[in-house]
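Residue-level listing of the chains:
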Amino acid sequence: GEDVEQSLFLSVREGDSSVINCTYTDSSSTYLYWYKQEPGAGLQLLTYIFSNMDMKQDQRLTVLLNKKDKHLSLRIADTQTGDSAIYFCAEGVTGGFKTIFGAGTRLFVKA
Amino acid sequence: SAVISQKPSRDICQRGTSLTIQCQVDSQVTMMFWYRQQPGQSLTLIATANQGSEATYESGFVIDKFPISRPNLTFSTLTVSNMSPEDSSIYLCSVPGQVSYEQYFGPGTRLTVT
């Protein structure tokens with residue numbers, strides 16, 4: 001069945017880069033997403049990548065997609081304390097209505 | 001983007017009781033989604049609520065346990081019925097965005113069943 005897996009915790013020092021990894025199983029996914037959830041807030045779409053792309057860069061964020069290995073990563077450059085949150089990897093098909101989420105990676109940023 | 005509010009933000013309920021969660025969107029949307037986020041687990045889609053028709057439930061979720069109302073294009077409710085401790089979760093409502101890859105989420109309702 002469809003499944004998205006990611007590690008549960010990551011701890012980095014402020015100023016370092018963070019890399020959050022994710023694997024997924026559904027090869028028919030059209031979009032792969034990274035959502036951010038801060039305490040007491042809803043999920044916020046951080047970035048997404050189409051399944052026919054290898055990389056997407058958006059300011060401090062770099063998304064890498066290895067479609068062959070079904071591996072997605074999110075790199076946050078110059079990580080700040082405000083980046084502390086839970087990051088969810090998700091896969092979806094066109095329409096986004098059957099989005100499958102991972103369990104989330106809790107990022108701790110140490111000052 | 002859509003702004004979504006949910007009430008209550010959190011609640012502690014007794015086993016066997018029911019809780020109704022409200023979701024309000026600042027714009028009219030055809031579809032609204034209800035998700036459950038169990039502790040340490042991923043979000044799971046409970047059902048899709050269309051205005052003017054019965055909600056469509058995902059495998060493992062039934063209407064008797066999670067009745068949904070969708071009286072208009074900006075509002076929906078999810079009721080968690082006959083609660084047990086296993087229902088302790090965060091419940092989120094969500095709406096699609098203007099483009100196919102977008103989805104917006106409410107802040108969630110944190111439910112604890114004792």
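Residues numbered from 1 in each chain as written. Chains lettered and ligands numbered in written order. Predicted model: local features only at pLDDT ≥ 70, side-chain atom pairs only at ≥ 80, totals over all residues. Heavy atoms only, no water.

## Observations regarding the overall build of chain B
- The secondary structure content of chain B amounts to zero helices and 11 strands.
- Secondary structure of chain B in N-to-C order comes out as β-β-β-β-β-β-β-β-β-β-β.
- Here chain B has a C-alpha radius of gyration of 13 Å; the compact-globule value for 114 residues is 13 Å, and the two agree.
- Along the three orthogonal principal directions, the C-alpha set of chain B runs to about 40 × 25 × 25 Å.
- Buried residues in chain B amount to 51% of all 114 residues.
- Of the roughly 5400 Å² of accessible surface on chain B, 47% is carried by carbon and sulfur atoms.
- Averaging the coordinates of the 7 positive side-chain charges in chain B and doing the same for the 8 negative ones gives two points 8 Å apart. (Helix = DSSP H or I, 4+ residues; strand = E, 2+ residues; numbered from the N terminus. Rg over C-alpha atoms; globule rule 2.2 N^0.38 Å. Buried < 20%, exposed > 50% of the residue type's maximum accessible area, 1.4 Å probe, protein only. Areas by Shrake-Rupley, 256 points an atom, 1.4 Å probe, with all protein chains shown as cover. Lys, Arg positive; Asp, Glu negative; His and termini not counted. Charge placed at Lys NZ, Arg CZ, Asp CG, Glu CD.)

## Focus on a nonpolar patch on the surface
All names here are of chain A.
- On the surface, a cluster of nonpolar side chains totalling about 320 Å² of accessible area is made up of L8, F9 and F108.
- Structurally, the position occupied by F9 is in strand β2 (residues 9-13).
- Residue classification places F9 among the exposed positions, given a relative accessible area of 56%. (Patch = residues over 30% accessible without salt bridge, like charges linked within 9 Å, V, L, I, M, F, W, Y side chains within 5 Å. Salt bridge = Lys/Arg side-chain N within 4 Å of Asp/Glu carboxyl O.)

## A look at the state of the cysteines
- Under the criterion given, the structure shown has two disulfides over all chains.
- Each sulfur of the disulfide joining C22 of chain A and C89 of chain A lies 1.9 Å from the other. The S-S bond linking C22 of chain A to C89 of chain A shows a torsion near -65°; that makes this disulfide left-handed. Here C89 of chain A lies in strand β9 (residues 85-92) and C22 of chain A lies in strand β3 (residues 18-24), a separation of 67 residues in the sequence. Assigned by exposure class, C22 of chain A and C89 of chain A land together as buried.
- Bridging C23 of chain B to C93 of chain B, the disulfide has an S-S length of 1.9 Å. Linking C23 of chain B and C93 of chain B, the disulfide has an S-S dihedral of approximately 65° and is accordingly described as right-handed. Of this pair, C23 of chain B sits in strand β3 (residues 19-25) while C93 of chain B sits in strand β9 (residues 89-96), and the two are 70 residues apart along the sequence. Accessibility classification places C23 of chain B together with C93 of chain B in one group, the buried group.
- Cysteine C13 of chain B remains unbridged, with the sulfur of C93 of chain B as its closest cysteine sulfur at 18 Å. (Disulfide = S-S within 2.5 Å.)

## Observations regarding the confidence of the model for chain A
- Chain-level pLDDT for chain A is 90 on average; 94% of the residues reach the 70-or-more range.
- Confidence, read as mean pLDDT per element, is least for strand β10 (residues 100-101) of chain A in chain A (88) and greatest for strand β8 (residues 71-76) of chain A (97). (pLDDT = per-residue confidence, 0-100.)

## Brief notes about the pattern of salt bridges
- This model, assessed by the stated rule, comprises three salt bridges over all chains.
- Residues D83 of chain A and R60 of chain A are paired through a salt bridge, measuring 2.9 Å at the closest nitrogen-oxygen approach. A residue pair is termed long-range when its members are at least 10 positions apart, and D83 of chain A in the loop between β8 and β9 and R60 of chain A in the loop between β6 (55-58) and β7 (61-66) qualify at 23 residues.
- The class of D83 of chain A is buried, set by a relative accessible area of 7%.
- For the salt bridge of K65 of chain B with D87 of chain B, the shortest nitrogen-to-oxygen distance reads 2.6 Å.

## Details of the interface of chain A and chain B
- Taken together, the contact between chain A and chain B spans 20 residues of the former and 18 residues of the latter.
- Summing both partners gives a buried area of about 1600 Å² for chain A against chain B, and 57% of it is carried by carbon and sulfur.
- Between chain A and chain B we count zero salt bridges in total.
- There are three residue pairs in polar contact (both at pLDDT 80 or more) connecting chain A and chain B.
- Counting only elements with at least two residues in the side of chain A that touches chain B, the list comes to β4 (31-37) and β5 (43-50) of chain A.
- No other element matches the four residues that β4 of chain A contributes to the side of chain A that touches chain B.
- Split by residue class, the side of chain A that touches chain B holds 11 nonpolar, eight polar and one charged. (Contact = heavy atoms within 4.5 Å. Buried area = accessible area lost by both parts, 1.4 Å probe. Polar contact = N/O pair within 3.5 Å; in protein donor to acceptor, adjacent residues only side chain to side chain. Nonpolar A, V, L, I, M, F, W, Y, C, P; charged D, E, K, R; others polar.)

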